[in-house]
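Working through the structure, step by step
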Amino acid sequence: MADTESPTPRLLLPAIAATALVVALTGTVQIAALVALGGAAGVIAGMRRGSRLVLGIGVTIQFWAVVVAALGALRVELVLLASMAVVLCWDLGEQAITVADQLGATGTGTRPFAVHAAGTLLVGTLCFGGVYSLYQIAGGGQPLLALVLLLGGGTVVLAGTRI
Amino acid sequence: MTTTDGSTGETELNALGVGRALGVLGLLAVLGGLVTILQPSIASDTAFGYGFVTLLGVVILAASLRYWVGLALTTVESATPPPVEERREISIPGVAFDRTLADHRLTAVSRLRARRDVLDRLRSVAARIHERDHGGSDGQPDANVFGEDAETVLFDDADREQGLTGRLAAVRAKGTPLQRRVSDVVAELARQYDGERVSVEFDVPERTTATRPSAPGLRATNRFRLLKPMALSAVGVGVVFGSAALLLVGALFGGVAVYAAADSPPTAAVRITRSVETDQPAPGEPVRVTVSIENTGDRLLPDLTVIDRVPEGCSVTAGSPRHGTSLRAGATATFGYELEAVRGHHEFGDAAVIIRNLSGSFERVADVSADGDASITYDVTAVTDHSIPLRKQTSRSVGRVVTDVGGSGIELHSVREYRTGDPLNRIDWNRAAAGEDLATLQFREERSATVVLLVDARVEAYVAPEADAPSAVDRSVLAAAESASALLAADDQVGLAALSPRTCWIAPSSGHAHRTRIHEQLANAEAFDPRPPDRSFKPAIRLQSIRKRLPSAAQLLVFSPVCDDEVVDVVRRLGASGHATTVISPNATGGGTPGRTLARIERSLRLSRLREAGVRVVDWDAEESLALSLDKAGRRWS
């Protein structure tokens, strides 16, 4: 993938804030925080170079940092928040690169960027709310059939999505 | 690697979303799960071992692996907008020569050919300088440059950089040995030609690669493709290691993925209106362009990018022709920028619009024609107060060109014997008072000239000393407009022709209406377009037609940068047909690199050849005004 014009600092900040949030939230599990830090370096490098490939690698590393943190018994709320930050980091980073690509250094693109960010944030918050509520309601001690159906069904829906 | 770039059309519309069969199956399973949570009694009759769940987790992990691999083979790319800021097809004399020297990818055969071309050019320049300095035409190059065999001087690796210090210096020096040697030879040629040492350093401007803009249509951006393997991996690892948090992470990612898949594609319901501050600016004057975009649809356009297609040949000097915004239904956004050109007629293209939906999963590229102003024509009717020095080839009508013919006029020409019928006021009464015979004073007759302005607008004339400087054709056209005004004001008859594959001819005439006609042609005619023609000039055909049309008494004012030999030949042939010719040559050559220095010397030598052929030449530097150059040249002629 060809490197292109790098986004302006104003558009860089939200994604960098999201990547920093991942590092901060996974902070209590040291090894996860270290992996997340490596991912953050990738994210920042990708954004500065305007390269989606490098950004994607950074985000992937951060995702696995969240997985490691979850296995390291990080609190569920923090794991969910960190994973949402990972999604936001990719989404906002990619959007910033797109704006830089299409509008160049002199074009103005803050407004559509803000609208897009608000949309993703809203959807992310709703998903977070829904998932967390389900977790609170289900609580534990649920029948195994429910778990199998939810997992199997969710996987099939996900496999069926074309995104 | 597969890319998602390129046009995909409306069929892509169905590419996103959820597969029907899998979706229904999955949803049923999820609903069953939710019902089981709410009514645990349903599950009491069903027995599952925990081993089954672990197996399910492994299957999910295996599925995620497939998507990770798919992800590694896919790139996400946004639509490529058209490049609109800087599009020029003007070349710099000598850069082609520098590029030949710099090309490292040449094959052995083409390298030999390139070396031979370089050598031939250097040899021919050396021979001409020698000819000029020594007056002879024996064609032997100067001993200082090519005393030994030229090929050895330039291309033998053994003869220079000898010894350790020499080799170290060679390592430190910029460029290949060939580039350094050619630079040295060109510097030596320049020293011989100018009489003073000039610095010649090898430097090649970077070639800008043209990006191809995305074709109009709807395309999926694939930007959320990352979520799928992430969600499946989270669920798989969560199941295998029994982590509830990771299952929830999977669900969270799944939710966002479904949002992206369900988001509908955007429509391109926009109206664009462009207004130009002034559509007839003065040459080189910046023009303010204001563009407004209205959302004429009934839905929010969350991410809208408008790129106004700036006319080719114009450059953007302030602001940006690109604007990103989001518009509610019926809302309007406005932005502006400034563009500038030297002269000519420029037409705006359709504005490119890129619209993304809220999630950014779809991107629609469209070309929207703008209402309002669609073109700018630079005015060339500049007022001028300088006179154009003309040759003495005139018509029979009275004008202002002082001829060598004796008659009525102001400047004394000669005195001859009185003939019956000579007017009394021209009799030399002083001579009569002294008792001599009657004599008649003769004055130089002042007649009008018929001048055809011949503007060189071949591809070869579209040259400029710098990438952002006005081209020689721009300067020629403006100078021709000024000259036409000045000549018509002096009662001369003026015609116009183009030395170009695109024909332009206005027969010589005079008067205000004629001046307007000439200015209109210079501003608008296709022959003088700011973009070079795509065909080459064929002298055998075009020159014949110009010669046939030229009135026999017409003298020529040729505007050309003289950056190739063809124009020299054309001018000499026109001169040979009996037309007194003056060449006004806007200088488009520079210096610094071997190629540019060589181009400058070659041009000067060509001008010398023209002068030798009896053509008057005005060498017009980029920094000088035309009036000053004409004045300087006029002093030399008188």
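Below you will find a few notes about this structure. (Residues numbered from 1 in each chain as written. Chains lettered and ligands numbered in written order. Predicted model: local features only at pLDDT ≥ 70, side-chain atom pairs only at ≥ 80, totals over all residues. Heavy atoms only, no water.)

Quick look at unusual backbone geometry
For residues besides glycine, phi is generally negative; the peptide bonds are generally trans as well. Residues and elements named next belong to chain B. Operational definition: For the purposes of this entry, the term helix denotes a DSSP run of H or I that reaches at least four residues, the term strand denotes a run of E that reaches at least two, and both are numbered from the N terminus.
One non-glycine residue with positive phi stands out, namely Asp491, at about 65 degrees. Within the secondary structure, Asp491 is located in the loop between helix 12 (472-489) and strand 17 (493-499). One non-glycine residue, Val562, adopts positive backbone phi at about 50 degrees.

Section: the interface of chain A and chain B
Convention followed: Here, residues are in contact when the closest pair of their heavy atoms is within 4.5 Å. Salt bridges, as used here, are contacts in which a Lys or Arg side-chain nitrogen is within 4 Å of a carboxyl oxygen on Asp or Glu. Polar contacts here mean pairs of N or O atoms no more than 3.5 Å apart (in protein, one a potential hydrogen donor and the other a potential acceptor; neighbouring residues in sequence count only if both atoms are side-chain atoms). All residues other than Ala, Val, Leu, Ile, Met, Phe, Trp, Tyr, Cys, Pro, Asp, Glu, Lys and Arg, Gly among them, are scored as polar; the first ten of these are nonpolar and the last four charged.
At the interface, 63 residues of chain A touch 87 residues of chain B. Here chain A and chain B share 3 salt bridges between them. With its nearest N and O atoms 2.6 Å apart, the salt bridge here joins Glu94(A) to Arg223(B). Counting the contacts that link chain A with chain B gives 14 residue pairs in polar contact (both at pLDDT 80 or more). Secondary-structure elements contributing two or more residues to the side of chain A that touches chain B are helix 3 (52-71), helix 4 (76-103), helix 5 (110-138), helix 6 (144-160) and strand 1 (161-162) of chain A. Among the elements that make up the side of chain A that touches chain B, the one with the highest residue count is helix 6 of chain A (17 residues). A per-class count over the side of chain A that touches chain B returns 37 nonpolar, 20 polar and 6 charged.

A word on the pattern of salt bridges
This is how the line gets drawn: Relative accessibility decides the category of a residue: with a 1.4 Å probe and only protein chains considered, values under 20% of the type maximum give buried, values over 50% give exposed, and everything between is partly exposed.
This model, assessed by the stated rule, comprises 28 salt bridges over all chains. For Arg431(B), the salt bridge goes to Asp428(B), with nearest N and O atoms at 3.7 Å. On the basis of relative accessibility, which here comes to 32%, the residue Arg431(B) falls in the partly exposed class. Overall, the relative accessible area of 15% leaves Asp428(B) in the buried class. One connected set of salt bridges, linked through shared partners, spans Arg52(A), Asp91(A), Glu94(A), Asp101(A), Arg219(B), Arg223(B), Arg356(B) and Glu363(B).

Structural notes on the pairing of strand 3 (residues 270-276) of chain B
Residues and elements named next belong to chain B. Applicable threshold: Two strands make a pair as long as DSSP finds a minimum of two bridges between them.
Burial along strand 3 is one-sided: the residues Val270, Ile272, Arg274 and Val276 are buried and none of Arg271, Thr273 and Ser275 is. Of the strand pairs in this sheet, strand 3 and strand 4 (residues 287-295) are connected by 7 bridges, and their pairing is antiparallel. Each residue of the ladder has a partner; that of Arg271, found in strand 4, is Glu294. Inspection of the sheet shows strand 3 paired to strand 12 (residues 371-372) by 2 bridges, in the parallel sense.

A short note on helix 3 of chain A
All names here are of chain A. Put simply, the rule reads: In this analysis, the expected span of each helix is defined as 1.5 Å times one less than the number of residues it contains.
Compared with the 28 Å implied by 1.5 Å per residue over 20 residues, the 29 Å span of helix 3 between its first and last C-alpha is a close match. With 14 of 20 residues buried, helix 3 is to be regarded as a mostly interior element. Immediately downstream of helix 3, the backbone of Ala73 shows phi near 65 degrees, a positive value.

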